[in-house]
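# Summary of structural features
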Amino acid sequence: MKEDYMSTLLRMMLGVSIVFGLTGQVQASVVAEEAVRDRGMTTAHALAAAQALYEQGINLRMQGKLRESFEVTKQAADAEWPMAQYAVGGMYLGGIGTDIDVELAFDYYEMCRNTIAAACNQMGAIYEGIFPQAEDYENNAKALECYEEAARLGLPAGRDNAKRLREALGIS
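A short tour of the structure in this document, coming up. (Residues numbered from 1 in each chain as written. Predicted model: local features only at pLDDT ≥ 70, side-chain atom pairs only at ≥ 80, totals over all residues. Heavy atoms only, no water.)

All right, on to the packing of aromatic side chains then. Within this structure, the stated rule accounts for five aromatic pairs. Measuring from centroid to centroid gives 5.1 Å for Phe70 and Tyr92, while their planes differ by 80 degrees, and the two rings are edge-to-face. Of this pair, Phe70 sits in helix α4 (residues 66-78) while Tyr92 sits in helix α5 (residues 82-94), and the two are 22 residues apart along the sequence. Tyr92 carries the same exposure label as Phe70, and that label is buried. Its relative accessible area of 8% is what places Tyr92 among the buried residues. An aromatic cluster of at least three residues, connected via ring pairs, comprises Phe70, Tyr92 and Tyr108. (Phe/Tyr/Trp six-rings, centres within 6.5 Å; stacked < 30°, edge-to-face > 60°. Helix = DSSP H or I, 4+ residues; strand = E, 2+ residues; numbered from the N terminus. Buried < 20%, exposed > 50% of the residue type's maximum accessible area, 1.4 Å probe, protein only.)

Spelled out as structure tokens, the structure:
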């Protein structure tokens, strides 16, 4: 068992170095997926593999490869990397590398809302009706709850948005 774990870890580390050294995105994705699936791998190692995928997604996005970026970032999000979950929510909301899907955007924001205050803030903005593609989701009470949660998590914009919405609704 220990030998299998060590060889998987080594393959993962080699795959990550391929991504940053030789742009071998396909090999790195496969290696990271194997690492995440490997039942002998610790959570910390699985999250490191997910982080590597997320960073690969950023690099692809900077190269203008939006579809590939979405696919790789989604792999990282599904492997529970919070920043990737937040990014995938935004990609679904804006149709970046994928079709617009507000329901899936909500799902991904929900996954990371306890660790990323901006996810709560985005959910509040969706509920408030700021995004035209999400007009079916308008609900000011839920928007206020999300903004207040973002504020509790320390996001100044959440505090400001909650204050602004309370004033607009005539709530003290």
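The rest of the description comes next.
With respect to the helices, strands and loops of the structure, Thr73 is situated in helix α4. Residue Thr73 is classed as buried on the basis of its relative accessible area, which comes to 3%. Apart from the residues lying within four places of it in its own chain, the contact partners of Thr73 are Tyr54, Gly57, Ala84, Ala87, Val88 and Met91. (Contact = heavy atoms within 4.5 Å.)

This brings us to the pattern of salt bridges. If charged atoms from side chains of opposite charge come close, those side chains can pair. Tallied over the entire structure, the rule returns seven salt bridges. The partner of Arg67 in a salt bridge is Glu71, with the nearest N and O atoms 3.2 Å apart. Remark: Glu71 and Arg67 occur in helix α4; sequence separation between them is four residues, near one turn of the helix. Judged by its relative accessible area of 39%, Glu71 is partly exposed. A salt bridge links Asp160 to Arg159; the shortest N-O distance between them is 3.2 Å. Here the salt bridges do not stand alone but share partners, grouping Glu110, Arg113 and Glu149 into one network. (Salt bridge = Lys/Arg side-chain N within 4 Å of Asp/Glu carboxyl O.)

A few words on helix α7 (residues 117-128). For α7, spanning 12 residues, the distance from its first C-alpha to its last is 17 Å, which sits close to the expected 16 Å at 1.5 Å a residue. Residues of α7 that are buried include every one of Ala117, Ala119, Cys120, Asn121, Gln122, Met123, Gly124, Ala125, Ile126, Tyr127 and Glu128, and no others. For α7, the secondary structure elements touched by its buried residues are α5, α6 (102-112), α8 (140-152) and α9 (156-169). (Expected span 1.5 Å × (residues − 1).)

Our next topic: the environment of Lys74. Residue placement: Lys74 occurs in helix α4. By relative accessible area, Lys74 is classed as partly exposed at 23%. With 34 residues separating them in the primary sequence, Lys74 and Tyr108 have C-alpha atoms 9.5 Å apart. For Lys74, the side chain forms a polar contact with the side chain of Tyr108, separated by 3.3 Å. (Polar contact = N/O pair within 3.5 Å; in protein donor to acceptor, adjacent residues only side chain to side chain.)

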